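Observations on chain architecture
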Amino acid sequence: MGNAAGVYVQIVALAVGLGALIAASVTAFTVLKLAGAAYVVFLGVQAIRHRSDAREAMHRLAGSAPPQSAWQSIRTGVVVGATNPKTLIFSGAFLPQFIDASVPAAPQLLFLGGVF
């Protein structure tokens, strides 16, 4: 549920013009690519630095420790969904193919994003 809400945040950004800006500006697209690459590098470094935390979490899950609350899981899902660059690029490239150019695009994108 959280991931779907996060992806819908991306769809709203595309519907209000982020996709058109990225498509029209080579600079904006380059900035997005570089920011995505930097984010992936950051995540990799964090994973290496905190690998013992992941090991401890796996041991806790195997034991009797209580799992995350539902709200914590939803919040984590929203953050992951909203910051996933692959979903943003997919939505920006795929959804506009199904837009009728004779009517406003934003409501159509919001509907298609909701279906997705």
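Per chain, the residues get numbers from 1 upward, laid out in the order the sequence is written. Only residues with pLDDT of 70 or above have their local features reported here, since the model is predicted, and side-chain atom pairs are shown and tallied only from 80 upward, although totals for entire chains, interfaces and linings are computed over all residues. Processing note: side-chain calculations cover all non-hydrogen atoms of the structure and skip hydrogens and water entirely.

**Some remarks on the packing of aromatic side chains**
Selection rule: The pairing test for Phe, Tyr and Trp rings, Trp by its six-membered ring, is centres within 6.5 Å, and the orientation test on the planes gives stacked under 30 degrees, edge-to-face over 60, and tilted for anything in between. Secondary structure follows DSSP: runs of H or I at least 4 residues long count as helices, runs of E at least 2 residues long count as strands, and numbering of each begins at the N terminus. The cut-offs for exposure are 20% and 50% of the maximum accessible area for each residue type, with area from a 1.4 Å probe on protein chains only; residues under the lower value are buried, those over the upper are exposed, and the others partly exposed.
Counted according to the given criterion, the structure contains three aromatic pairs. Ring centres 5.8 Å apart and planes at 35° place the aromatic pair phenylalanine 90 and phenylalanine 116 in the tilted group. Here phenylalanine 90, found in helix α6 (residues 85-94), pairs with phenylalanine 116, found in the segment after α7 (105-115); they are 26 residues apart in sequence, far enough to count as distant. Relative accessible area serves as the criterion here: at 38%, phenylalanine 90 is assigned to the partly exposed category. Judged by its relative accessible area of 53%, phenylalanine 116 falls in the exposed class. For the pair phenylalanine 94 and phenylalanine 98, a centre-to-centre distance of 5.2 Å together with 65° between the ring planes defines the contact as edge-to-face. Every member of this aromatic cluster is reached through a ring pair, and the members are Phe90, Phe94, Phe98 and Phe116.

**Quick look at the layout of surface pockets**
Over the atoms, a rolling probe the size of a water molecule traces out where space has been left empty. What counts, and what does not: Site definitions follow a grid-based scheme: protein atoms alone, a 1 Å grid, a 1.4 Å probe that fits but cannot get out for cavities, and for pockets an open set with protein on both sides within 12 Å along at least five of seven lines, plus lining residues having an atom within 4 Å of a point. Grid points are joined across faces, edges and corners, and a volume is the space filled by probe spheres set on the points.
Taken as a whole, the largest pocket encloses approximately 170 Å³ of empty space. Taken together, 10 residues make up the lining of the largest pocket; nearest its centre are Gly19, Ile22, Ile89, Gly92 and Ala93. The set of elements that each furnish at least two residues to the lining of the largest pocket consists of α2 (18-24), α3 (26-49) and α6. Per-element tally for the lining of the largest pocket: the top contributor is α6, with four residues.

**Digging into the nonpolar core**
Here is the rule we go by: Residue types Ala, Val, Leu, Ile, Met, Phe, Trp, Tyr and Cys, when buried and joined through side-chain atoms within 4.5 Å, form a set referred to as a nonpolar core. We call two residues in contact when some of their heavy atoms are within 4.5 Å.
In this structure, Val7, Ile11, Leu14, Ala15, Leu88, Leu95 and Leu109 together form the largest nonpolar core, which totals seven residues. In terms of residues, this core owes the most to one element, helix α1 (residues 2-15), which gives four residues. Excluding residues that lie within four positions of it along the chain, leucine 88 makes contacts with Gln10, Leu14, Leu18 and Leu32.

**Quick look at α1**
Here is the rule we go by: An expected span of 1.5 Å times one less than the residue number is assigned to each helix.
In this model, α1 (14 residues) spans 20 Å end to end at C-alpha, consistent with the 20 Å of a helix rising 1.5 Å per residue. Taken residue by residue, α1 has Gly2, Gly6, Val7, Gln10, Ile11, Leu14 and Ala15 as its buried positions. Following α1 by one or two positions, glycine 17 has its phi on the positive side, about 125°.

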